[in-house]
Amino acid sequence: MTQIAQALRLSPLPILESRMLMQHVTGLSRVQLITRDTEVLMQTQLTHWNTLLDRRIHGEPMAYILGQREFYGRMFTVNPSVLIPRPDTEILIDAVLQDHAEQEQKRLRVLDLGTGSGAIAVTLAAERLIWDVWAVDVSAAALKIAQENVDTHAPTVQLLHSDWFSALTEPSASFDIIVSNPPYIAADDAHLAEGDLRFEPRGALSDEADGLRHYRHIIANAPSFLNDGGRIYLEHGFEQ
């Protein structure tokens, strides 16, 4: 018989990660893990625990193991078909909200290109309830995850299967804000073989070129979809 406390003590992972995995296995809160640490794990729980430990030991990101990641104060569903939302992208959200602080009660139209998990589109829609937010992605698997997050946090977001602007029709598809976190890692970047990136979808990380190919496409086509005075917001690499 293995108690919760014993399993945590024998875990080779950092204690925070071990506790997070144990909460996932048992359904207990962090406080309950302390107050009920003498409880014996059922065999199914112990098997699940060992499976999760093995996945993490082999480098799989915690977000994929747990199936969720916090972003801008909300919990988003994720899986290996989408990038894991990162704090860096919250800077993109801040920039949009700050630049349009005086327009938070105006019905602006927003387009998120390559939405992935929907983190950007959902967050903007949840922070500015009056804005009309659209989000597109070329990956049907990604859109499925995005739909889950839309349903949870911002049901008004409109999702569309599209290769960048391809499924949008003019002139009805015009926006005040276009935002994107496109694949911007160059094909020969060594980071693609390191850390969490090894497990994330390659097509959402790299343009399989110099890292700037998608920026060129977005910037060249965006004027046809921007209203007068509209703005584009793009996340990019720190050396770009």
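Residues numbered from 1 in each chain as written. Predicted model: local features only at pLDDT ≥ 70, side-chain atom pairs only at ≥ 80, totals over all residues. Heavy atoms only, no water.

Colleague: Can you break down the environment of G114 residue by residue, with the values?
Modeller: Its location among the elements puts G114 in the loop between β3 (109-113) and α7 (119-127). Exposure remark for G114: the relative accessible area of 29% places this residue in the partly exposed category. Once the C-alpha coordinates of G114 and L124 are considered, the two residues, 10 residues apart in sequence, prove to be 15 Å apart. Discounting chain neighbours no more than four positions away, the residues touching G114 are V136, D137 and W164. (Helix = DSSP H or I, 4+ residues; strand = E, 2+ residues; numbered from the N terminus. Buried < 20%, exposed > 50% of the residue type's maximum accessible area, 1.4 Å probe, protein only. Contact = heavy atoms within 4.5 Å.)

Colleague: Give a detailed account of the sheet that holds strand β4 (residues 132-137), specifying residues and quantitative values.
Modeller: Pairing in this open sheet of five strands is parallel, and the strands run β5-β4-β3-β6-β7 from one edge to the other. The outermost strands of the open sheet, each flanked by one partner alone, are β5 (158-161) and β7 (226-234). Taken pair by pair, the neighbouring strands of this sheet meet at an average axis angle of 20°, ignoring direction. Pairing of β3 with strand β6 (residues 175-180), which is carried by four bridges, proceeds in the parallel orientation. In the strand pairing of β6, V110 is matched with I177. (Pairing = 2+ DSSP bridges. Axes fitted to C-alpha atoms, helices over the stretch in contact; angles between N-to-C directions.)

Colleague: Residues and numbers for the pairing of strand β1 (residues 68-71), please.
Modeller: With four bridges joining them, β1 and strand β2 (residues 74-77) adopt antiparallel strand pairing. Each bridged residue has a counterpart across the sheet, and for Q68 the counterpart in β2 is T77. Taking the residues between adjacent antiparallel strands as the criterion, β1 and β2 are bridged by two residues, where Y72 takes a positive phi near 50°.

Colleague: How would you sum up helix α2 (residues 15-26)? Please name residues and give values.
Modeller: Between its terminal C-alpha atoms α2 stretches 16 Å, which fits the 16 Å expected from 12 residues at 1.5 Å a residue. Buried within α2 are the following residues: E17, S18, L21, M22, V25 and T26. The arc that holds every buried residue of α2, seen down its axis, measures 155°, which confines them to one face. G27, located one to two residues past α2, shows a positive phi value of around 80°. (Expected span 1.5 Å × (residues − 1). Arc of directions from axis to C-beta.)

Colleague: Go over the nonpolar core, please, and point to the residues and values.
Modeller: With 23 residues, the main nonpolar core has V110, L124, W131, V133, V157, I177 and V179 as its most contacted residues. Among the elements of the structure, α6 (87-99), α7, β4 and β6 are those that each provide at least two residues to this core. Looking at this core element by element, the count peaks at six residues for α7. Among residues more than four places away in sequence, those in contact with V133 are V110, A121, A125, T156, V157 and Q158. The next biggest cluster of nonpolar side chains, apart from the first, holds 17 residues, and it includes L8, L21, L46 and L53. (Core = buried A, V, L, I, M, F, W, Y, C linked by side-chain atoms within 4.5 Å.)

Colleague: Break down the pattern of salt bridges for me, citing the residues and quoting the values.
Modeller: One side chain can pair with another of opposite charge once the charged atoms of both are near each other. Applying the stated criterion across every chain yields a total of nine salt bridges. Here R74 and E127 are joined by a salt bridge, their closest N and O atoms 2.8 Å apart. Linking R74 in strand β2 with E127 in helix α7, this pair joins segments that are 53 residues apart in sequence. Residue D99 is joined to R231 by a salt bridge in which the shortest nitrogen-to-oxygen separation is 3.3 Å. Here the residue D99 occupies a position in helix α6, and R231 occupies one in strand β7, the gap between them amounting to 132 residues. The class of R231 is partly exposed, set by a relative accessible area of 41%. (Salt bridge = Lys/Arg side-chain N within 4 Å of Asp/Glu carboxyl O.)

Colleague: So what's going on with the environment of E194? Which residues, and what values?
Modeller: Relative to the elements of secondary structure, E194 occurs in the loop between β6 and α9 (202-205). Measuring from C-alpha to C-alpha, the distance between E194 and G59 comes to 9.6 Å, with 135 residues separating the pair along the chain.

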